[in-house]
Every structure is written in C-alpha cells, then in structure tokens.
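Here is what each chain is made of, one letter per residue.
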Amino acid sequence: MSEPLADLLTRTRKATLNSHVSFMETVWKDNTGRAVKAAEIHRKEWTFLDRARETGVNALILAPMGSGKSEGMLGYCLRLLTKHPTSRGCIVSDKDEHAEDRIAVIKHYITS
C-alpha cells in the first residue's frame, strides 16, 4: 500500500467510511481546497446509495447536468477503494477524455 493511501486510511476513521456523507465532508475538497459541505440533495442521494449497497440493490442516480453527480460518484469510488484497497472498478463516461479526467481526480486523492 502506498504511503499517501495509508495516510488517507489513517485520516478516515471507521465511522467515516460507513457513511458517504461523512466521508465526503471529511475527505473531499472543493476547487479552493476547502472541505465540501454536502447539500441536502446530495445527502439524500448518498444515503440512498449507501442503503442500496447495504441491501444488495443496484441503484442509479438521475439528476440534471451540473448537479454534482460525477463529483459525488468519484468520492463514492474513492471511499470504496479506501475501504477495500485491492478492489477494482470501472468508470464509464460519454467520452474517453471524461473518464480519464475522472480517474485522474481519484488518483490525485490517493497520491497526495
């Protein structure tokens, strides 16, 4: 395990890993470097995803462009990788460039 990932694991306690809202508000930063404060709609989306995952239900979030779905899902992927570092995943996007950009964001969090 890389040193930055070990530091990330140290910074995020078990309680934070069990709630996506807590994880995002602890780990995720906005473009000014400040911790993200989840809007109510995001809290509901993320809680819905946590419940779906706990019960083995496949879930889908449909929301307008620019509503924060991608950022939230990138954080969700990072959280799952933090909980299960040997896991593999896939990011599907409308264009290869968009998927590559999103993977770069996750890589940035893991390596910084």
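Along each chain, the written sequence defines residue order, and numbers are assigned to residues from 1. At least 70 in pLDDT is required for a residue's local features to be given in this predicted model, at least 80 for side-chain atom pairs to be given and counted, and no such filter applies to totals for whole chains, interfaces and linings, which use all residues. Side-chain figures throughout are based on the complete set of non-hydrogen atoms in the structure, without hydrogens or water.

(A) Quick look at the overall build of the protein chain. By the criteria applied, helices consist of DSSP H or I runs no shorter than four residues and strands consist of E runs no shorter than two, each listed in order from the N terminus. Within the protein chain, the regular secondary structure consists of six helices and zero strands. Reading the secondary structure of the protein chain in the N-to-C direction produces α-α-α-α-α-α. By residue count, 27% of the 112 residues in the protein chain fall in the buried class. Contacts are residue-level and defined by heavy atoms, with any inter-residue pair within 4.5 Å sufficient. Restricting the contact set of the protein chain to residue pairs at least 6 apart, pairs at least 24 apart contribute 59%. Note on areas: Shrake-Rupley, 1.4 Å probe, and residue coverage restricted to the protein chains presented here. Total accessible area on the protein chain stands at roughly 7,700 Å², and carbon and sulfur atoms take up 55% of it. With a 1.4 Å probe rolled over the protein chains alone, any residue whose accessible area is under 20% of its type maximum counts as buried; one over 50% counts as exposed, and the rest are partly exposed.

(B) Fine view of the nonpolar core. Only buried residues count toward a nonpolar core. Its members are Ala, Val, Leu, Ile, Met, Phe, Trp, Tyr and Cys residues joined through side-chain atoms within 4.5 Å. Core analysis: the largest hydrophobic core is formed by 14 residues, its most contacted members being Trp28 and Leu78. Put simply, the parts of the chain that give this core at least two residues each are α3 (20-27), α5 (69-83) and α6 (96-111). At four residues, α3 tops the list of elements feeding residues into this core.

(C) Main features of helix α4 (residues 40-55). By this rule the span expected of a helix is its residue count minus one, scaled by 1.5 Å. Its 16 residues place the ends of α4 23 Å apart at the C-alpha level, agreeing with the 22 Å of an ideal helix rising 1.5 Å per residue. All buried positions along α4 are accounted for by His42, Glu45, Trp46, Leu49, Asp50 and Ala52. Summarising the axial view, the buried residues of α4 lie within an arc of 165°, below the 170-degree limit, and thus occupy one face. Exposed positions of α4 whose direction lies more than 90 degrees from the buried face are Lys44, Arg51, Glu54 and Thr55. Its buried side turned inward, α4 meets α3 and α5. Immediately downstream of α4, the backbone of Gly56 shows phi near 75°, a positive value. The arc in question is the one spanned by the directions pointing from the helix axis to the C-beta atoms.

(D) Spatial organisation of the packing of α4 against α5. To get an axis, fit a line to the C-alpha atoms, keeping to the stretch in contact for a helix; angles then go from 0 to 180 degrees between the N-to-C directions. Contact geometry of α4 with α5 gives a least axis separation of 11 Å together with a crossing angle of 40°. As summarised for this structure, α4 and α5 are arranged oblique, according to the angle between their axes. The way α4 lies across α5 gives a crossing that is right-handed. In contact with Trp46, Leu49, Asp50 and Arg53 of α4, α5 contributes Gly72, Met73, Tyr76, Arg79 and Leu80. We call Asp, Glu, Lys and Arg charged. Ala, Val, Leu, Ile, Met, Phe, Trp, Tyr, Cys and Pro are nonpolar, and the rest, Gly among them, are polar. For the contact of α4 with α5, the per-class residue count stands at five nonpolar, one polar and three charged. Oblique is the label for any angle not under 35 degrees, not over 145, and not in the 65 to 115 range, which are roughly parallel, roughly antiparallel and roughly perpendicular in turn. The hand of a helix crossing depends on one turn: near helix anticlockwise from the far one by less than a right angle means left-handed, and clockwise means right-handed.

(E) Inspection of α6 at higher detail. For α6, which comprises 16 residues, the first-to-last C-alpha distance of 22 Å matches the rise-based estimate of 22 Å (1.5 Å per residue) to within 8%. Along α6, the residues classified as buried are Ala99, Ile106, Tyr109 and Ile110. An end-on view of α6 places all buried positions within 105° of arc, on one side of the element. Turned more than 90 degrees off the buried face of α6, the exposed positions are Glu100 and Lys107.

By themselves, these figures tell us nothing about what the structure is for.
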